4 protein chains.
Amino acid sequence: MIRTGIILMLAIITAFGAIAQTDGPMPMKPEMTEIWDPEVPVVTPGATPLDAPSDAIVLFDGIDLENEWTNADGGKPEWKVEDGCATVVKGSGVIKTKRVFDDFQLHIEWRAPAEVVGKSQGRGNSGVFLQERYEVQVLDNYNNRTYRNGQAGSVYKQHAPLVNACKEPGTWQTYDIIYTAPRFNDDGTYFTPPVVTVLHNGVLVQNNVTLRGPTEYIGIPEYSVEEHGPGSIILQDHGNPVSYRNIWIREL
Amino acid sequence: MIRTGIILMLAIITAFGAIAQTDGPMPMKPEMTEIWDPEVPVVTPGATPLDAPSDAIVLFDGIDLENEWTNADGGKPEWKVEDGCATVVKGSGVIKTKRVFDDFQLHIEWRAPAEVVGKSQGRGNSGVFLQERYEVQVLDNYNNRTYRNGQAGSVYKQHAPLVNACKEPGTWQTYDIIYTAPRFNDDGTYFTPPVVTVLHNGVLVQNNVTLRGPTEYIGIPEYSVEEHGPGSIILQDHGNPVSYRNIWIREL
Amino acid sequence: MIRTGIILMLAIITAFGAIAQTDGPMPMKPEMTEIWDPEVPVVTPGATPLDAPSDAIVLFDGIDLENEWTNADGGKPEWKVEDGCATVVKGSGVIKTKRVFDDFQLHIEWRAPAEVVGKSQGRGNSGVFLQERYEVQVLDNYNNRTYRNGQAGSVYKQHAPLVNACKEPGTWQTYDIIYTAPRFNDDGTYFTPPVVTVLHNGVLVQNNVTLRGPTEYIGIPEYSVEEHGPGSIILQDHGNPVSYRNIWIREL
Amino acid sequence: MIRTGIILMLAIITAFGAIAQTDGPMPMKPEMTEIWDPEVPVVTPGATPLDAPSDAIVLFDGIDLENEWTNADGGKPEWKVEDGCATVVKGSGVIKTKRVFDDFQLHIEWRAPAEVVGKSQGRGNSGVFLQERYEVQVLDNYNNRTYRNGQAGSVYKQHAPLVNACKEPGTWQTYDIIYTAPRFNDDGTYFTPPVVTVLHNGVLVQNNVTLRGPTEYIGIPEYSVEEHGPGSIILQDHGNPVSYRNIWIREL
């Protein structure tokens, strides 16, 4: 037994030694790159990729808006809830989630009014604000041109969408948004900026783009960066009766 | 007129001068941050986010596999095409696309056999290779534990999935993969490594992760990096009758 | 005066309006991109780029080691201080700074023994550990080959230096190290990994490389990542009488 | 012999099997992470970190400017060469290198006039343009305030320096610049933007910052991005008699 052990050791040493300074490093075994722990958490996906998985927070189920949302002042949201969707009431202002979020995956469905009114930024305009300050534009850009960095699927005035994947007005459309919140330096500047990926109706329109700062209608986003913590999802009232449904979010 | 012009100029100079060293830079106008050209290209999305949009290449429509795929040697693929899907025939080897790709968005649907056979890596094992060398693992991990960096939705032996979003065996599942190909230095090392995002059944499982090198069953991926151009999508024959359907890709 | 004001406004509106939808966005003024506040802090640089600037912490001035350093156990460092430098005493173990650091710029000078003894990793071996766990290798690689990812200027077993910029043994050499500490996810993995740039004798040898995990003599760095806060600078006792002098650090 | 071989194999299998599903993956050997080839190229560093190493191109040695530089039109540079340095001659325009560069490490020394004239941007103003379009500002900011994103060590109008490390006018100062050129998408936008690190008199003032586009005196850099290849180093004539010496560059 002892003798076999010595032979074993010699064999291993010889094998390893002979290889060391040749073409590549000493060979490994498959098991050396298997990692078993910790176990990956299990999530039950929805029936389709549009449906909320088991670890999602349903922000709007088509019926109850008050449970998860307020208006700008923390009061009851005044948008119209009907036929399984919530619709902007002009002048009622934004709605925002009671909960606040850092990194997340967000699914949201929206519909521009079937009746076409206005043009450019005046048609079917609303928006999804991430952490209260970074807007993914909602706009009816079906046969409706506007500035490229302000159209549907844009990170407003920062990143034009890769393509215009709009459906006809009156049709439901989806946004799937993967958002990584910024981290900050001590002086309030970004250590890592916000990053976002957006699929519009299943088509990639933003591919891990870096945000320069909060969305600004006027001016340069960089100039208004300031430290912030987790924030609400805000849906914009831009005066057009845009509707929303099936909103769920997964914290990352 | 001349006098007014001078006053105008003075007024502008004064206005600008007064602002210069206060809280922020001189104010802008909204139009200064509108970019109109070039126009964003229009794409018609599919009926649902699972359906191919107008700019996608349909790699498999459920009927014809030979049009876009070959076996490993460039010959006719020997997988079984039946009931609108293509199924691995054990021992027939991989199938690979005739076309090659750089950056892309890929939609692919797969199904592990309804009859549960084997465990760990032995159950419903296949894989989607990006550019012929980077594997997103396909595996039946429904109530089937394996090493975390080798389970369904993993970048095999490089990145465990964020969650296990598997459906029951016998059920169709989706992968939506956003892939950015590496760029290379002159010496064959990565200037920028491959980057991938994966949604499994609509649930984010890889969030813009950086690949370390080609997928290796044994050893360290970094050690086998070498320059390559565009590559095929390859589907793996790992001996289990995994099925595929509705495969489309958009070049980015 | 009022009339001139109106003309002025009209003139501005006209000018802006005429430009809006042409080749580019509305023109700006130079002052719109000047940022005055906050004022950039003033630092008095050293007499040469090797000398400590006014905001640096001098970790070793050639005379007093005890002020800023301990041995591994927090006791008095046992390295020899003589002739303006501190030299490894074989078997005395590492020395580490009392202070701990996050992001920093570090200047350090080292000298391998003039008398050449040993080869490969056995000659003039020491090391600078950043945050106690990430080693920039110190080694006499002047006409002394070793594995490329373990030579002077390497991030040990992670990144070979771009070039071998070693001076002869017995000669003082400089490292200028710019280090960005990792930030962590809640689960203890890296949100952003450590990043390091190294100049060796003024020559760039590491260009903003990403670390994969703590330095490991055996195994894969990724597997031993765990959350940590600020850490000491540690200088290694590898049994060779390597000397150090003129060590200063600036917190970033 | 055969029997020993079998025992050997069993021993190895047993050893590996026992480890596989415990705390971590199967242990490795040190030699498995040693990479020997290819050998790292040797560079002889300069006598001090300010001196050109053996692989540097000396762009200006204090004597001959015509060898490596032209004026803007490709003609003979008209700057004054005297006392080992080249000095801006007001109105003679820029000087630019005949050679063009992609990624590089650049060492350059500059001196603002000893006689203080003007203020803010009017004092000791010049600039180092990387690839002909990205300016690292040269300015006498010693007791001379200007807008933060336009002072010495700034990436002009894009990134203020971390600190103001200016020396007195009339004193030689150093810039060490590490520059990574952009890579482009097919549509002329950045795939990866330019990135720059700057040490001013040995003090870090730009830490791997990302450039947004070409330097613009007026307007937003992003809007003027367009594909370009390697480019010259350009030194600016801003009307002040700024001097330069000891300029060398290493291609990366």
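- Chain A is annotated in an unreviewed UniProt entry as DUF1080 domain-containing protein from Mariniphaga sediminis.

### Examining the overall build of chain A
Alright, step 1. Each helix and strand counted, chain A has one helix and 15 strands in total.
Alright, step 2. For a compact globule of 252 residues, the expected C-alpha radius of gyration is about 18 Å, and chain A comes in at 25 Å, more than 25% above that figure.
Alright, step 3. If one aligns the C-alpha atoms of chain A with their principal axes, the spans along those axes are about 90 × 40 × 40 Å.
Alright, step 4. A buried classification covers 57% of the 252 residues belonging to chain A.
Alright, step 5. Considering only residue pairs separated by 6 or more positions, chain A has 64% of its internal contacts joining residues 24 or more positions apart.
Alright, step 6. Of the accessible surface of chain A, which amounts to about 10,500 Å², a share of 52% is contributed by carbon and sulfur atoms.
Alright, step 7. Of the side chains in chain A, 20 bear a positive and 32 a negative charge, and the two mean positions are spaced by 6 Å.

### As for the relation of the copies chain D and chain C
Alright, step 1. Expressed as a screw transformation, the operator carrying chain D onto chain C has a rotation angle of 180 degrees and an axial translation of 0.0 Å, and the superposed copies differ by an RMSD of 0.0 Å. The transformation just described matches what one would write down for a two-fold rotation axis. Taking the C-alpha atom as reference, chain D places D:Asn208 closest to the rotation axis, 3.7 Å from it.
Alright, step 2. Same-surface contact between copies: 100% of interface residues of chain D are shared with the interface of chain C.

### Overview of the interface of chain D and chain C
Alright, step 1. In this assembly, 57 residues from chain D lie in contact with 57 residues from chain C.
Alright, step 2. In total, chain D and chain C occlude about 5,000 Å² of area from one another, counting both sides; carbon and sulfur atoms represent 62% of this.
Alright, step 3. Its largest share of buried area at the contact with chain C, chain D owes to D:Val40, D:Arg145 and D:Arg148, together 13% of the area lost on that side.
Alright, step 4. Measuring nitrogen to oxygen at the nearest pair gives 3.1 Å for the salt bridge that ties C:Arg145 to D:Asp37.
Alright, step 5. When contributions to the side of chain D that touches chain C are tallied by element, the ones reaching two or more residues are strand 9 (172-180), strand 12 (195-200), strand 13 (203-210) and strand 15 (243-251) of chain D.
Alright, step 6. Residue contributions to the side of chain D that touches chain C peak at four residues, all from strand 13 of chain D.
Alright, step 7. Here the side of chain D that touches chain C is composed, by residue class, of 32 nonpolar, 16 polar and nine charged.

### Considering the sheet that holds strand 5 (residues 95-97) of chain B
Residues and elements named next belong to chain B.
Alright, step 1. Here five strands make up an open sheet; going across it, the order is 2-5-14-7-8 and the pairing antiparallel. Every other strand in the sheet has two partners, leaving strand 2 (69-71) and strand 8 (134-138) as the edge strands with one partner each.
Alright, step 2. The sheet contact formed by strand 7 (residues 126-130) and strand 14 (residues 234-235) spans two bridges and is antiparallel. Looking at the pairing, phenylalanine 129 lines up with isoleucine 234 of strand 14.

### Structural notes on the relation of the copies chain B and chain A
Alright, step 1. When chain B is brought onto chain A, the operation consists of a screw motion whose angular component is 180 degrees and whose axial shift is 0.0 Å, with 0.0 Å RMSD remaining.
Alright, step 2. The fraction of interface residues of chain B whose copies in chain A are also interface residues reaches 100%, indicating that both copies meet through the same surface.

### Remarks on the environment of B:Ala52
Alright, step 1. Mapping B:Ala52 onto the fold places it in the loop between helix 1 (2-19) and strand 1 (57-60).
Alright, step 2. For B:Ala52, a relative accessible area of 28% corresponds to the partly exposed category.

### Details of the confidence of the model for chain A
Residues and elements named next belong to chain A.
Alright, step 1. When pLDDT is averaged along chain A, the result is 93, and 91% of the positions lie at 70 or above.
Alright, step 2. Under a pLDDT of 50 for its full length, residues 1-21 has, in the predicted model, 16 contacts with residues more than four places off or in other chains.
Alright, step 3. Complex prediction metrics read pTM 0.92 and ipTM 0.91.

### What about the sheet that holds strand 7 (residues 126-130) of chain D?
Residues and elements named next belong to chain D.
Alright, step 1. Spatial strand order, 2-5-14-7-8: five strands in an open sheet with antiparallel pairing. Among the strands making up the open sheet, the edge pair consists of strand 2 (69-71) and strand 8 (134-138).
Alright, step 2. Strand direction decides the pairing type here: strand 2 and strand 5 (residues 95-97), joined by three bridges, are antiparallel. Of the residues in strand 5, the one forming a bridge with tryptophan 69 is threonine 97.

### Here's the deal with the domain arrangement of chain A
Alright, step 1. We note that the domain assignment places domain 1 (2-33) and domain 2 (57-251) within chain A.
Alright, step 2. Computed over C-alpha atoms only, the centres of domain 1 of chain A and domain 2 of chain A are separated by 58 Å.

### Things to note about the packing of aromatic side chains
Alright, step 1. One pass over the full model with this rule turns up 32 aromatic pairs over all chains.
Alright, step 2. Residues A:Tyr147 and B:Trp36 carry aromatic rings whose centres are separated by 5.9 Å and whose planes lie at 65 degrees to one another, so their mutual orientation is edge-to-face. One end of the pair, A:Tyr147, is in the loop between strand 8 (134-138) and strand 9 (172-180); the other, B:Trp36, is in the loop between helix 1 and strand 1, on a second chain. The residues A:Tyr147 and B:Trp36 share a single accessibility class, namely buried.
Alright, step 3. Following the ring pairs from residue to residue traces out a cluster consisting of A:Phe101, A:Phe104, A:Tyr134 and A:Tyr179.
Alright, step 4. A cation over an aromatic ring shows up here: A:Arg183 above the ring of C:Phe191, its NZ or CZ 3.7 Å from the ring centre.

### Some thoughts on the environment of D:Gln121
Residues and elements named next belong to chain D.
Alright, step 1. Tracing the backbone through its elements, the reader meets glutamine 121 in the loop between strand 6 (104-111) and strand 7.
Alright, step 2. For the pair formed by glutamine 121 and arginine 145, sequence separation is 24 residues and the distance between their alpha carbons is 8.7 Å.
Alright, step 3. Ignoring anything within four residues of it in the chain, the contact list for glutamine 121 reads Gln137, Leu139, Thr146, Tyr147, Gly150, Tyr156 and His238.
Alright, step 4. Here the side chain of glutamine 121 touches threonine 146 through a polar contact of 3.0 Å, side chain to side chain.

### Thoughts on the interface of chain B and chain A
Alright, step 1. With 57 residues of chain B in contact, the opposing surface of chain A contributes 57 residues.
Alright, step 2. Summed over both partners, the interface of chain B with chain A buries about 5,000 Å², with 62% contributed by carbon and sulfur atoms.
Alright, step 3. For the pair chain B and chain A, the number of links is four salt bridges.
Alright, step 4. Inspection of the region where chain B meets chain A yields 29 residue pairs in polar contact (both at pLDDT 80 or more).
Alright, step 5. With four residues, strand 13 (residues 203-210) of chain B is the largest single contributor of residues to the side of chain B that touches chain A.
Alright, step 6. Taken together, the residues of the side of chain B that touches chain A sort by class into 32 nonpolar, 16 polar and nine charged.

The rules behind these values
Residues numbered from 1 in each chain as written. Chains lettered and ligands numbered in written order. Predicted model: local features only at pLDDT ≥ 70, side-chain atom pairs only at ≥ 80, totals over all residues. Heavy atoms only, no water. Helix = DSSP H or I, 4+ residues; strand = E, 2+ residues; numbered from the N terminus. Rg over C-alpha atoms; globule rule 2.2 N^0.38 Å. Buried < 20%, exposed > 50% of the residue type's maximum accessible area, 1.4 Å probe, protein only. Contact = heavy atoms within 4.5 Å. Areas by Shrake-Rupley, 256 points an atom, 1.4 Å probe, with all protein chains shown as cover. Lys, Arg positive; Asp, Glu negative; His and termini not counted. Charge placed at Lys NZ, Arg CZ, Asp CG, Glu CD. Least-squares fit on C-alpha atoms with pLDDT ≥ 70 in both. Buried area = accessible area lost by both parts, 1.4 Å probe. Salt bridge = Lys/Arg side-chain N within 4 Å of Asp/Glu carboxyl O. Nonpolar A, V, L, I, M, F, W, Y, C, P; charged D, E, K, R; others polar. Pairing = 2+ DSSP bridges. pLDDT = per-residue confidence, 0-100. Domains from an automatic or database assignment. Phe/Tyr/Trp six-rings, centres within 6.5 Å; stacked < 30°, edge-to-face > 60°. Lys NZ or Arg CZ within 6 Å of the ring centre and 35° of its normal. Polar contact = N/O pair within 3.5 Å; in protein donor to acceptor, adjacent residues only side chain to side chain.

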